[in-house]
Amino acid sequence: MTHSLTVAALSLTAVVAAPFAAASESCVQQAKSIRTAQQTVLELKAERDALVPKVEDAGDSWQNDQALRNFSAEQAQQADRSRTAYEDLKARLRAVEADLQEKAASANARVNAYNTHCVPKD
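In this report, the structure presented in the accompanying data block is examined. (Residues numbered from 1 in each chain as written. Predicted model: local features only at pLDDT ≥ 70, side-chain atom pairs only at ≥ 80, totals over all residues. Heavy atoms only, no water.)

### A closer look at the pattern of salt bridges
Logical step 1: Inspection of the entire model under this criterion finds nine salt bridges.
Logical step 2: Lys45 is paired through a salt bridge with Asp49; the nearest N and O atoms lie 2.8 Å apart. You can see Lys45 and its partner Asp49 sitting in helix α2 (residues 27–67), four residues apart, about one turn around the helix.
Logical step 3: Since its relative accessible area comes to 38%, Lys45 is described here as partly exposed.
Logical step 4: You can call Asp49 partly exposed: its relative accessible area is 34%.
Logical step 5: One salt bridge in this structure joins Lys90 and Glu87, with 3.6 Å as the shortest N-O distance. Here Lys90 pairs with Glu87, and both are found in helix α3 (residues 73–118), just three residues apart, close to one helical turn.
Logical step 6: On the basis of relative accessible area, Lys90 is assigned to the partly exposed category, the value being 23%.
Logical step 7: Residue classification places Glu87 among the partly exposed residues on the basis of a relative accessible area of 29%.
Logical step 8: Through salt bridges with shared partners, one network takes in Lys45, Arg48, Asp49 and Glu97. (Salt bridge = Lys/Arg side-chain N within 4 Å of Asp/Glu carboxyl O. Helix = DSSP H or I, 4+ residues; strand = E, 2+ residues; numbered from the N terminus. Buried < 20%, exposed > 50% of the residue type's maximum accessible area, 1.4 Å probe, protein only.)

### Describing the packing of α2 against α3
Logical step 1: At their nearest, the axes of α2 and α3 sit 7 Å apart, and the two run at 160° to each other. Our classification of the angle between α2 and α3 gives roughly antiparallel. Crossing geometry of α2 relative to α3 is assigned as left-handed.
Logical step 2: A class-by-class count of the residues in the contact of α2 with α3 yields 23 nonpolar, 11 polar and 12 charged. (Axes fitted to C-alpha atoms, helices over the stretch in contact; angles between N-to-C directions. Parallel < 35°, antiparallel > 145°, perpendicular 65-115°, else oblique. Left-handed = near helix turned anticlockwise from the far one by under 90°. Nonpolar A, V, L, I, M, F, W, Y, C, P; charged D, E, K, R; others polar.)

Structure below.
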């Protein structure tokens, strides 16, 4: 629990600090960093989207293997392996999703800072 709060606090600090750091950059540098941040977000989104069906398939495999668990020791071992694979994929998906959310919030903060400081107001 403490680790989760620390990670959340650090993420919030990074998101809050991003606009202030971005404000000190030139508009050209800000635009460049925004493009880089957007590319990172798109890559994480693609990774997340690729993981979702793998997690679902691993969950289905585990459920199928779990139904056969009591037939033999080998079946029980297979069910355990399937569950481990499923849990590992779920953990990876959660990590990618958390990273995606943090990076998207940071990118949005950079865009907001850019719009505030670099886009002429009518």
